[in-house]
Amino acid sequence: QYMTQKNGPYDLFFTAATVLTLAPQFSSVGYNPSDIIPVVSVDQEQFGLFVNPEKTGINNFEDLIEFGKTHQIKFGSGGPGNITHILQDALYKEAGANAVTIPHGSAMEGLINVLGGHVDVTLAGLELARGYVEEGSLVPIVVYGKEAYKGYENSISTSVPTVVEKGYDYPYLNLMLFAAKKGTDARAIQAIYDAAMRAYQDPSC
């Protein structure tokens, strides 16, 4: 949407690197990756699968795959071509589980759908789901990082295993960045980058 709007000459947008990599390969995106200029990266977002045992009886990754061999897993995603769909679809197919996606408009909507029992599982950022995990309403059953995740507090999920540990070679970290449209003044982009780097290097930031 940003690419088709008339924006100011120095407007930025916050996005995931998938707009430059995976999205154009799997969907009609209406833009060329060369039309986007990365300005500065911010963070690497980690993803995990989340379930609601009270609604499904699924408590861990093994439960989910076993469920998918006798039932159809309904998994939340951003829709075909979205990274949240690709990562789950590949995993369930390799595991021999029957699964169908239920698209949502945002990752938060996907988590709410799991809470309400409208889907059995969804893929979302670990930080986005933190509140639900630490209050006990959602359970993370696997993460897509290279190491088990131990960042949740006051939770039964003290260590969340990785997909690699479960035998599936799908480690994934989502790079988040600020970007601009092609044609943005190079001096402005450099100034923004320099300002961001000064902030990163400031211990009080």
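Everything that follows concerns the structure shown earlier in this document.
So, a few notes on the structure that sits alongside this text. (Residues numbered from 1 in each chain as written. Predicted model: local features only at pLDDT ≥ 70, side-chain atom pairs only at ≥ 80, totals over all residues. Heavy atoms only, no water.)

Further remarks concern the pattern of salt bridges. Applying the stated criterion across every chain, the model contains five salt bridges. When the shortest N-O distance is used, the salt bridge between Lys166 and Glu62 registers 2.8 Å. Linking Lys166 in the loop between strand E6 (139–143) and strand E7 (173–181) with Glu62 in helix H3 (residues 61–70), this pair joins segments that are 104 residues apart in sequence. Among the residues examined, Glu62 registers a relative accessible area of 41% and is labelled partly exposed. Residues Glu127 and Arg130 are paired through a salt bridge, measuring 2.6 Å at the closest nitrogen-oxygen approach. (Salt bridge = Lys/Arg side-chain N within 4 Å of Asp/Glu carboxyl O. Helix = DSSP H or I, 4+ residues; strand = E, 2+ residues; numbered from the N terminus. Buried < 20%, exposed > 50% of the residue type's maximum accessible area, 1.4 Å probe, protein only.)

Bringing the nonpolar core into the picture now. By size, the foremost hydrophobic cluster in this structure holds 25 residues, and its most contacted members are Leu49, Leu64, Ile73, Leu91, Tyr92, Val121 and Tyr144. Breaking this core down by element, the ones donating at least two residues are strand E2 (36–51), H3, strand E3 (73–77), helix H4 (83–95), strand E5 (121–125) and E6. Among the elements that line this core, the one with the most residues is H4, at five residues. The contact partners of Tyr92, leaving out residues within four places of it in the chain, are Leu49, Leu64, Ile65, Ile73, Phe75, Ala97, Ala99 and Val121. (Core = buried A, V, L, I, M, F, W, Y, C linked by side-chain atoms within 4.5 Å. Contact = heavy atoms within 4.5 Å.)

Next up on the list: the packing of H3 against H4. The geometry of H3 relative to H4 is characterised by a closest axis approach of 10 Å and an angle of 70° between their N-to-C directions. Regarding the angle of H3 to H4, the classification is roughly perpendicular. Of the residues in H4, those touching H3 at Phe61, Leu64, Ile65 and Lys69 are Leu91, Tyr92 and Ala95. The residue inventory of the contact of H3 with H4, partitioned by class, reads six nonpolar, no polar and one charged. (Axes fitted to C-alpha atoms, helices over the stretch in contact; angles between N-to-C directions. Parallel < 35°, antiparallel > 145°, perpendicular 65-115°, else oblique. Nonpolar A, V, L, I, M, F, W, Y, C, P; charged D, E, K, R; others polar.)

Next up on the list: the pairing of E5. A large share of E5 lies buried, amounting to five of its five residues. Bridge analysis of E2 against E5 gives four bridges, and the strand direction is antiparallel. What sits directly across from Leu49, in E5, is Leu123. Pairing analysis gives two bridges linking E3 to E5, with the strands arranged parallel. By the bridge assignment for E5, Phe75 is matched with Val121. (Pairing = 2+ DSSP bridges.)

Moving on, we get to the environment of Gly96. Looking at the secondary structure, you find Gly96 in the loop between H4 and strand E4 (99–103). The sequence separation of Gly96 and Tyr170 amounts to 74 residues, and the corresponding C-alpha distance is 16 Å.

A few words on the packing of aromatic side chains. For the structure on display, the rule yields five aromatic pairs. Measuring from centroid to centroid gives 5.0 Å for Phe14 and Phe178, while their planes differ by 50°, and the two rings are tilted. Here the residue Phe14 occupies a position in strand E1 (residues 13–16), and Phe178 occupies one in strand E7, the gap between them amounting to 164 residues. The class of Phe178 is partly exposed, set by a relative accessible area of 33%. (Phe/Tyr/Trp six-rings, centres within 6.5 Å; stacked < 30°, edge-to-face > 60°.)

Moving on: the layout of surface pockets. Taken as a whole, the largest pocket spans an internal volume of roughly 540 Å³. Taken together, 24 residues make up the lining of the largest pocket; nearest its centre are Ala16, Thr18, Asn82, Ile83 and Thr84. Every element with two or more residues in the lining of the largest pocket is listed here: E1, E2, H4 and E7. Looking at side-chain class alone, the lining of the largest pocket contains nine nonpolar, 14 polar and one charged residues. (1 Å grid on protein atoms, 1.4 Å probe; cavity = no way out; pocket = protein on both sides within 12 Å on 5 of 7 lines; lining within 4 Å. Points joined across faces, edges and corners; volume = space filled by probe spheres on them.)

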